[in-house]
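Below are the chains, spelled out letter by letter.
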Number of protein chains: 2
Amino acid sequence: MSEKMIKAVDEYFEFFNNQDAEGIAQLYANNAKVTDPVGTPTKVGKEAILSFYKLAVKNGARLKRNGPIRISQNFAAFAFTVSVGAMTSVDKDVAVEVELPKGGMSIDVIDTFKFNEEGQITEMNAYWGPSNITQI
Amino acid sequence: MSEKMIKAVDEYFEFFNNQDAEGIAQLYANNAKVTDPVGTPTKVGKEAILSFYKLAVKNGARLKRNGPIRISQNFAAFAFTVSVGAMTSVDKDVAVEVELPKGGMSIDVIDTFKFNEEGQITEMNAYWGPSNITQI
């Protein structure tokens, strides 16, 4: 189970950095929940999740993991940095519901994933906010 | 609110590294919940939380934060490394309910804190497991 979870997290980074939203969505269970960032409305189900990631990868954001993946029973947690080029105001409103600077930026994020027995992600929570954004 | 949360996380590290379990417990709301590691039984309420931290700090564990504190509305998440000296089998059974090596070790952990409006921690989840333990 631990290996399945680590593989899923590694693939999450790989798919994201290849702008493969469909690949990311396939890591999720059908009725999965995504809250990114925590405190904003939760996206429920594969269709909503796929739409979310299509927007998220559209600007060519790059993810770089910082430190090891923490594995706690059927949960994984990991820290990473997202580097994003300049976004349009439309993209940023729809994609993340948090005010973002207009130029390039890097964002420090921590994600937690909950997995089912098949090794699919059932819940994702992303922790980040304005204080974690650096303009670059 | 963001400043209150960052201050609480900073104090959490300070109290822990001074083996001040009472100080840590004071950062929590009365009816707070602590799950450490995630997947093990949750400790509820200040008394249970104080007992937990008394055991946790007893072996002189040192916490060192890795990377910035992520602030997501009324949640904080942060990565850190715990360095622990040799523990007795009694301590380790009671303290964490996870099998730990007998010698010194370091553990890579990610914690999430949920805060109430008074800036007190209402929920703490710690993500770590056997794969995050390095014998030193």
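Our subject is the structure listed above.
On a predicted model such as this, the values are computed, not experimentally measured, just so you know.

Novice: Teacher, can you tell me more about the interface of chain B and chain A here?
Specialist: In many reports, interface size means the accessible area that the parts give up when they come together. Across the boundary between the two partners, chain B contributes 26 residues, which contact 26 residues of chain A. In terms of surface lost to chain A, no three residues of chain B exceed R70, I110 and Y127 of chain B, which account for 33% of the buried area on that side. On inspection of chain B and its partner chain A, the count reaches 0 salt bridges. On inspection of chain B and its partner chain A, the count reaches 13 residue pairs in polar contact (both at pLDDT 80 or more). Of all the elements in the fold, those that place two or more residues in the side of chain B that touches chain A are β3 (62–72), β4 (75–84), β5 (105–115) and β6 (121–127) of chain B. Along the lines of polarity and charge, the residues of the side of chain B that touches chain A split into 15 nonpolar, 9 polar and 2 charged.

Novice: Would you take a moment to explain the relation of the copies chain B and chain A for this structure?
Specialist: Here the second copy of the chain follows from the first by a rotation about an axis and a shift along it. Laying chain B over chain A is done by rotating through 180 degrees and shifting 0.0 Å along the axis; what remains is an RMSD of 0.0 Å. Here the symmetry operator amounts to a two-fold rotation axis. Identified as the residue of chain B closest to the rotation axis by C-alpha distance is A79 of chain B, at 3.5 Å. Looking at chain B, 100% of its interface residues are interface residues in chain A too, so the copies touch through the same face.

Thresholds, definitions, all that
Residues numbered from 1 in each chain as written. Chains lettered and ligands numbered in written order. Predicted model: local features only at pLDDT ≥ 70, side-chain atom pairs only at ≥ 80, totals over all residues. Heavy atoms only, no water. Contact = heavy atoms within 4.5 Å. Buried area = accessible area lost by both parts, 1.4 Å probe. Salt bridge = Lys/Arg side-chain N within 4 Å of Asp/Glu carboxyl O. Polar contact = N/O pair within 3.5 Å; in protein donor to acceptor, adjacent residues only side chain to side chain. Helix = DSSP H or I, 4+ residues; strand = E, 2+ residues; numbered from the N terminus. Nonpolar A, V, L, I, M, F, W, Y, C, P; charged D, E, K, R; others polar. Least-squares fit on C-alpha atoms with pLDDT ≥ 70 in both.

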